[in-house]
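Coordinate analysis (summary)
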Amino acid sequence: MSKNRSWMWAVPAASALFLAAMGSGAFAAPVGPHVGGSISIVASPHGPWADVFNPFAPGETQDDIVGDIYEPLVEWNGSTGAHKAWLAQSWAWSNSNKVLTLHLRHGVKFTNGQLFTSADVVFTLDMMKKYPAIDTSALWSYMTSVKAEGPYTVKITINKPDATFLYYLTGTYMVPASLWKNKNPVLWTDPNPVGTGPYQLKSFSPQNIILKRNPHYWQKGKPYLQTVYYPSATSNGSVILGLADGSIQWSSIYSPDLRNSFVSKDPSTNHTDVSSGGYDWLYVNLHQYPLNLLPVRRAISDAINRKALSVISESGYSTPSRLDGIDAAQSSWSTPALNKKAAAVYNPKLAESILAKAGFKRGPNGMLLTPKGKPFTVNLVTASSFTDFVSMTSQISSMLHAIGINTNITVTSVSNYSNKMEDGSFSMGVMWGASGPNPFYTLNPLMNTEYSAALGQPAPDNIERYSNPRVQQLANEYDASTSVAVHKSVIDQMANIMATQLPIIGLLNRNSPNEYSSATIAGWPTASNPYWDNSADVGPIVVLTQLYAKK
Amino acid sequence: MFLVKRASFYLLTFWAAITLNFFLPHLMPGSAVGAVMARAHGEMGPGALHALELAFGVNVHQTLLQQYGIYLSHLAHGNLGISFTYFPEPVSQVIASTLPWTLFLIGLATIISFVVGNLLGIYAAWRRGRPLASVLPIAFTVMAAMPYFWVALIFLYVFGFLTGWFPITHSIGTEVTGIFHRFGSIMYHATLPALTIVITSMGGWMVGMRNNLVSVLSEDYVILAEMKGLPEREIVANYAARNALLPAITGFAMSLGFVVGGALLTEIVFSYPGIGYALYQAVTNQDYPLMQAIFLIIVTAVLIANFLVDLLYSRLDPRVSND
Amino acid sequence: MQEASVVHDPTSSPVKTSKPRNPLWHNTKALIGLGMIALFILVAIIGPWIERYAPNAEIFIPGQGPSSAHWLGTTALGQDVWSQLVVGTRVSLLVSFLAGIVATFIAVLVGIASGYAGGWIDNILSILTNIFLVIPSLPLVIILSAYLHLGNWGIIFVIAITSWAWGARSLRSQALTLVQRDYVVHAKLAGQAWWQVIFGEILPNMASLVVSGLLFAMINALLTEAGLDFLGLGNINAVSWGTMLYWAQNSEALINGMWWWFVPPGVAIAAFGAALSLLNFSLDEITNPRLRQRKVR
């Protein structure tokens, strides 16, 4: 899928959709859900819009909007890995988990009036085979064939069982075969998009994209809001100003003190919450001495005050994490034994004694020497555009300095930073990691050699270059099974490896704030009714189809 | 002859700019694919790296010379490539949608600042010795030393956010129809950004005009006119200011380069959808084609403006033909 | 502001080598400007003694207003603003001075070589000067620093490389007139070496123009560096006035009401810039006597 939604996890509630709309409607507004009204959304500042609605375009400029127009087979949500059947109504595995049969929803129409059928699904997937450039999830590295069986059934065969395939497959946006068959999807800008989604393009300008309600949407009566505005924004600052003065109603931007800059302007209507998604990790190059020594990584971990990182660098949104890659929102996958083992501690004294025990001694200038007698110096790399990482890196540097480790910080461009990290030409650096519906999606890519590469070659996820055959075995076990018990056991063992071997060091659970105003609009997910993740990113149609104007 | 000379100089400069422009991106570490991946913060699937490389057509093995040749021939055909940031939108499209706003904003601000600055300069020279005439040049010189973006941010905050008098983003309102409404909306949105540029760039004109005029006013022919009993107003308007304006006109074109730079920062602060902001985005995304094209457009525009001024100048001052 | 030196025709301000008294000390504007510059230099030098805390240490309660413990409050990252401002003075002044000096040095070199040597050297150097003059410098600097990801030294170099042309042009025309003056011609005829002529006769007579160009280049460097830092293209881990503004902007300091973080660095830049332009302004008055004449109508 071109737009992975791996970080969009919130509490699932299969039947909460209906209840949510009714509940909040009856409570907060004199008028219930009805067609009319409008909303202004700025998911994040991208600058002026381009006239591109191609859902397979690799840039991220139009991501937020394309997802309102084109729809995937399944909407993913929920920290426990729940999902909501969308264009696909149901699915089943057969032939020892190598054949996936999808049953499509009936009566779904594209906005040009054509029926959405299995032919469109087959076409979209075949197009990804023909144009690998749009197959950003590498679906065809799993798939061997895709066939239609009647207008509403699609059969997909994969080369070996893979439990994560469904997740990656079903995020793919479905496009109409009739309009795309003569197009090169890599270069087609798709200025007049035709999808099955709740909204369709009304007008485009670089400063404002306006969507109007799709009156023939398959969810009868929905969406409620007649018009959706996507004004372009160039900076978080301008979005905050727009939120504060009420010209923007929904956003998912980062800002240090939203309580002061947004909520306090009208606490009765201005709200914030957070979306959780994965970890911020301290990556350590395992090919470098002495970072390849476990006691060193353990000491580094113990020397880091995660609370300070959270409060100072992330304004407290992101929270201190465990060491095993299990997100706070995914704690149901953990066990009490693991909870204990994976807890991160802040104990610089302990860190110093671990290093002393491992043969590190203080040199004449009071800084540590490695057992080989060389100064222990670590280079930290970070990207200037990621100011939270810059701040964290600077803090980590002084925390390490406090236990006697010399540090240098390199602040460079985003591309140079990510190239250095991916190619393995770094010592240490803060970066995000993969995530998904359960901790397997985090742990496997981070530790499996399948996601690694030789030094100098870009590695997709395992950039610390951890190698442990046990991880591969566990991954195969996971893929071969659909049983939750097996999955749970695999995750437990992988998390154990992560927590005890520390191939990389968990820092924070990555949470990003969302901002929304209930002044004119009702139907939002709330703390008491968290029916869906409240992020405005990437076509937030599950929430958007619930929202309605208060009058 | 003068114009031919100038034209060939501009062509040479243009060639220098496009060549520099071509080589610059090849000097830097990092790639566009890396930047796109990193911007997505791990939200892209496992195949994204390879897919993006295919889509962007990077990793093509050509020698630098071949690439330079291709670059020149594309340029000659007006093919500026496909933007990485706005992929797959052609770069020319991005420029077409942003350039008019910048031309408008810079044009407006420069004209205002030129006219008002020179008028104030005339006043300061003519009424030399009066308190206001002494204070004005100093005040505006000091203002010219303030950072554009800082002034812009203060304006944005005070006149946009705190008081709500002016819009805080964009160059035109949402769904504005009718030519008068559109014009009004555009002017309204341009007020603060233009004001920022005017205030920080006006001092140069004023001081320049004042200094030139002071010199001119002590020239023999002015003193002669004075002795003949011509009214002061007439002397200043008909003789002195006109002659003092000549050097200011060459400065006009030269200053464009600075104003473009200042406008870039101003556009970012006011979310003004011009070419300056696009350049900034291109730079942060390592969007080579877009960056190259924007730099080229800026240089071309400045060169054309210079040439136009040369044309004007050769009309106003016949002496330059002998230069 | 940049236009002023170009518009002001340098040849119209003949420099007398003998001055009865130094008029700089009798010009209030110049005194104010000099005083402010001296103050900034003092702060830069004694910085370590008055900075109170480590400037980058993120160790205080974030976002506090000014108090006796934190004279200018703390940043959203828990750093002491006063300490940052003091340390930032060093970096900003250093960049401004060095870039200004390097740019002026190049300008003098090119300007005199061009004006003195004439002929094809002059032709080539003039074309080079005009090319640098006409290519807009800020976009070029932005692109250069984005590509090369420079540290402070790199930024100084890039700013100098893109800003010498203004000075070179005015120095060249000054040199051209000076070369034809009697005493220069005389010195040449008397068999003085070229370097004797240049250092003994020509350079001293363009001193005011050189100083004016230097002040100008310094303002330009100050503002350019601040702009680059503000865009995050400088070294954002180094504390300078520009990076302070970058971080303040990044944390929406104004929107969060943290004026104590955002206002001081901007005021510092403006004040230092103002001091330089005041000096330049009065220098203009001093060397161009006509500007001084009080003529009340």
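Model, not experiment: these values are computed from the prediction. Position numbers for residues count from 1 along each chain, tracking the sequence in the order it is written. Following the order in which they are written, the chains are lettered starting with A and the ligands numbered starting with 1. Reporting in this predicted model follows two pLDDT cut-offs: at least 70 for local features of residues, and 80 or more for side-chain atom pairs to be given and counted; totals over whole chains, interfaces and linings ignore these cut-offs and use all residues. Working from all heavy atoms in the structure, the side-chain values ignore hydrogens and water.

**Notes on the overall build of chain A**
Only DSSP runs of H or I covering at least 4 residues are called helices, and only runs of E covering at least 2 are called strands; the numbering of each starts at the N terminus. Along chain A, the regular secondary structure elements total 17 helices and 21 strands. Only the C-alpha atoms count toward the radius of gyration. The rule for a globule is 2.2 Å times the residue count to the power 0.38. The C-alpha radius of gyration computed for chain A amounts to 24 Å, which stays within 12% of the reference 24 Å derived for 551 residues, consistent with globular compactness. Summarising its shape, the C-alpha atoms of chain A cover approximately 75 × 60 × 45 Å along the three principal directions. Each of the 551 residues in chain A was classed as buried or not, and the buried ones make up 64%. Within chain A, contacts between residues separated by at least 24 positions form 71% of all contacts whose residues are at least 6 apart in sequence. About 18,200 Å² of surface is accessible on chain A, with carbon and sulfur atoms providing 55% of the total. Under this rule, positive means Lys or Arg and negative means Asp or Glu; His and the chain ends count for nothing. Think of each charge as sitting on NZ of Lys, CZ of Arg, CG of Asp or CD of Glu. Taken as two groups, the 40 positive and 35 negative side-chain charges of chain A have centres that lie 4 Å from each other. Only protein chains enter the accessibility calculation, which uses a 1.4 Å probe; a residue is then buried when its area is under 20% of its type maximum, exposed when over 50%, and partly exposed in between. The contact rule is simple, with two residues in contact once any of their heavy atoms fall within 4.5 Å. Here the Shrake-Rupley method, with its probe set to 1.4 Å, supplies the accessible areas, and only the displayed protein chains count as covering residues.

**Notes on the environment of Asn496(A)**
Residues and elements named next belong to chain A. With respect to the secondary-structure elements, Asn 496 resides in helix H16 (residues 484-501). Note on Asn 496: relative accessible area 18%, which makes it buried. With 155 residues separating them along the chain, Asn 496 and Lys 341 place their C-alpha atoms 7.9 Å apart.

**Quick word on the packing of aromatic side chains**
For Phe, Tyr and Trp, where Trp contributes only its six-membered ring, two rings pair if their centres lie within 6.5 Å, and the inter-plane angle classes them as stacked under 30 degrees, edge-to-face over 60, or tilted in between. Enumeration over the complete set of coordinates arrives at 41 aromatic pairs over all chains. With a centroid separation of 6.4 Å and 70° between ring planes, the pair formed by Trp241(C) and Phe272(C) is classed as edge-to-face. With Trp241(C) in helix H11 (residues 241-250) and Phe272(C) in helix H12 (residues 259-287), the pair connects residues that are 31 residues apart, well separated along the chain. Considered together, Trp241(C) and Phe272(C) belong to a single accessibility category, that of buried residues. What links up through ring pairs into an aromatic cluster is the set Trp76(A), Tyr167(A), Tyr168(A), Phe440(A), Tyr441(A) and Tyr478(A). When the NZ atom of lysine or the CZ atom of arginine is within 6 Å of a ring's centre and also within 35 degrees of its normal, the charge is said to sit over that ring. Its guanidinium or amino end placed over the ring of Trp126(B), Arg127(B) lies 4.1 Å from that ring's centre, counting from NZ or CZ. Residue placement shows Lys188(C) over the ring face of Tyr116(C); its charged tip is 4.6 Å from the ring centre.

**What about the pattern of salt bridges?**
Residue and element names in this part refer to chain A. Within this document, salt bridges are pairs made up of a side-chain nitrogen of Lys or Arg and a carboxyl oxygen of Asp or Glu, the two lying within 4 Å of each other. What the rule picks out here adds up to 9 salt bridges over all chains. Taking the shortest distance from any N to any O, the salt bridge between Lys 155 and Glu 149 comes out at 3.2 Å. Residue classification places Lys 155 among the partly exposed residues on the basis of a relative accessible area of 28%. With a closest N to O distance of 2.8 Å, Arg 362 and Glu 352 form a salt bridge. Placement of the pair is Arg 362 in strand S14 (residues 361-362) and Glu 352 in helix H11 (residues 348-357), with a sequence separation of 10 residues. Looking at Arg 362, the relative accessible area reads 40%, which means it is partly exposed. Given the relative accessible area of 26%, Glu 352 is considered partly exposed. What emerges from the salt-bridge pattern is a single network uniting Asp 280, Glu 314, Asp 388 and Arg 510.

**Re the packing of helix H5 (residues 91-126) of chain B against helix H8 (residues 179-217) of chain B**
Residues and elements named next belong to chain B. Two elements in contact, H5 and H8, have axes whose closest approach is 5 Å; the angle formed by their N-to-C orientations is 35°. In this structure, the crossing between H5 and H8 has a hand that is right-handed. For this classification, Asp, Glu, Lys and Arg are treated as charged, while Ala, Val, Leu, Ile, Met, Phe, Trp, Tyr, Cys and Pro are nonpolar and the rest, including Gly, are polar. Residue classes in the contact of H5 with H8 are distributed as 26 nonpolar, 5 polar and 1 charged. Lines are fitted to the C-alpha atoms to define the axes, a helix being fitted only along its stretch in contact, and any angle between axes, read from their N-to-C directions, falls within 0 to 180 degrees. Handedness of a crossing is defined here by the sense of rotation of the near helix relative to the far one, left-handed for an anticlockwise turn of less than a right angle and right-handed for a clockwise turn.

**Describing the packing of H11(C) against H12(C)**
All names here are of chain C. Between H11 and H12, the least distance of the axes is 9 Å, while the angle of their chain directions is 150°. In terms of their interaxial angle, H11 and H12 are classed as roughly antiparallel. Crossing angle aside, the handedness with which H11 passes H12 is left-handed. Counted together, Trp 241, Met 244, Leu 245, Trp 247, Ala 248 and Gln 249 of H11 and Trp 261, Phe 262, Pro 265, Gly 266, Ala 268, Ile 269 and Phe 272 of H12 form the full contact between these two elements. Residue composition of the contact of H11 with H12, by class: 11 nonpolar, 2 polar and no charged. By the definition adopted for this analysis, an angle is roughly parallel if under 35 degrees, roughly antiparallel if over 145, roughly perpendicular if from 65 to 115, and oblique otherwise.

**Notes on the sheet that holds strand S5 (residues 99-104) of chain A**
Residues and elements named next belong to chain A. Strands were regarded as paired on the criterion that DSSP finds at least two bridges between them. Here we have 4 strands laid out as an open sheet, ordered S4-S5-S7-S6, and antiparallel in their pairing. The open sheet has two edge strands, strand S4 (88-94) and strand S6 (143-148), and neither has a second partner. Geometrically, the sheet is characterised by an average inter-axis angle of 15° between neighbouring strands, direction not taken into account. By the bridge criterion, 6 bridges tie S4 to S5 in an arrangement that is antiparallel. Bridge pairing links Trp 93 to Leu 100 in S5.

**Observations regarding the side chain of Thr200(B)**
Mapping Thr200(B) onto the fold places it in helix H8. One polar contact links the side chain of Thr200(B) to the main-chain carbonyl oxygen of Thr196(B), over a distance of 2.6 Å. Distance and chemistry together define a polar contact, namely a pair of N or O atoms within 3.5 Å, with one atom able to donate a hydrogen and the other to accept it when in protein, and with adjacent residues in sequence counting only for side-chain atoms on both sides.

**Some details on the domain arrangement of chain A**
Residue and element names in this part refer to chain A. Start and end positions for the domains come from either an automated domain assignment or a database one. On domain assignment, one finds that chain A holds domain 1 (38-45 + 197-269 + 518-549), domain 2 (71-180) and domain 3 (278-511). For domain 1 and domain 2, the distance between their C-alpha centroids amounts to 28 Å. Contacts between the two partners involve 13 residues from domain 1 and, on the opposite side, 12 residues from domain 2. What counts as buried area is the accessible surface, traced by a 1.4 Å probe, that two parts surrender upon association, with contributions from both included. Carbon and sulfur atoms supply 64% of the area buried between domain 1 and domain 2, which totals about 1,100 Å² over both sides.

**Observations concerning the interface of chain C and chain A**
Taken residue by residue, the interface counts 15 residues in chain C and 23 residues in chain A. Around 1,600 Å² of area is buried between chain C and chain A when both sides are counted, 56% of it from carbon and sulfur atoms. For the interface between chain C and chain A, the tally reads 0 salt bridges. At the boundary of chain C with chain A, the tally comes to 0 residue pairs in polar contact (both at pLDDT 80 or more). Broken down by class, the residue content of the side of chain C that touches chain A amounts to 6 nonpolar, 7 polar and 2 charged.

**Re the confidence of the model for chain B**
Residue and element names in this part refer to chain B. A residue-level look at chain B finds 85% of positions with pLDDT of 70 or above and a mean pLDDT of 79. pLDDT runs from 0 to 100 and stands for how confident the predictor is about each residue. Across chain B, H5 holds the top mean pLDDT of 88, while helix H2 (residues 32-39) sits lowest at 60. Overall fold confidence for the complex sits at a pTM of 0.79, while the interface term, ipTM, reaches 0.81.

**Some details on the interface of chain C and chain B**
Of the residues lining the interface, 59 residues belong to chain C; the matching set on chain B comes to 68 residues. Taken together, the two surfaces of chain C and chain B that pack against each other cover about 5,800 Å², and 75% of this comes from carbon and sulfur. The tally of links from chain C across to chain B stands at 1 residue pair in polar contact (both at pLDDT 80 or more). Its residues assigned to classes, the side of chain C that touches chain B shows 38 nonpolar, 12 polar and 9 charged.

**Looking at the nonpolar core**
Joining through side-chain atoms within 4.5 Å is the link that ties buried Ala, Val, Leu, Ile, Met, Phe, Trp, Tyr and Cys residues into a set, and such a set is a nonpolar core. Of all hydrophobic cores here, the largest spans 149 residues; its most connected members are Leu231(C), Trp241(C), Trp261(C) and Phe272(C). Here this core takes 12 residues from H12(C), the largest share from any one element. Non-local contacts of Phe272(C), meaning those with residues more than four positions away in its chain, are made with Ile37(C), Phe40(C), Leu93(C), Ser96(C), Phe97(C), Met218(C), Leu222(C) and Trp241(C). Counting 141 residues, the second largest nonpolar core, distinct from the first, contains Ala88(A), Tyr142(A), Tyr152(A) and Ala383(A).

**Section: the pairing of strand S16 (residues 377-383) of chain A**
Residues and elements named next belong to chain A. The element S16 is largely enclosed, with a buried count of 5 among its 7 residues. Relative to strand S17 (residues 406-412), S16 runs parallel, the two sharing 7 bridges. Residue pairing for S17: Val 378 is matched across the bridge by Thr 407. Between S16 and its parallel partner S17, the chain crosses via helix H12 (residues 387-402), and the hand of that crossover is right-handed. By the criterion used throughout, a crossover qualifies as right-handed when its path from the first strand across the helix to the second strand runs clockwise, the strands pointing away from the viewer.

**Details of the environment of Gly456(A)**
With respect to the secondary-structure elements, Gly456(A) resides in the loop between helix H14 (440-447) and helix H15 (469-479). Spatially, the C-alpha atom of Gly456(A) lies 42 Å from that of Leu179(A), the residues being 277 residues apart in sequence.

**A look at the environment of Asp190(A)**
All names here are of chain A. With respect to the secondary-structure elements, Asp 190 resides in the loop between helix H5 (177-180) and strand S8 (199-205). Judged by its relative accessible area of 3%, Asp 190 is buried. Sequence-distant contacts of Asp 190, that is, excluding residues within four places in its chain, are made with Phe 53, Asn 54, Pro 55, Tyr 70 and Trp 180.

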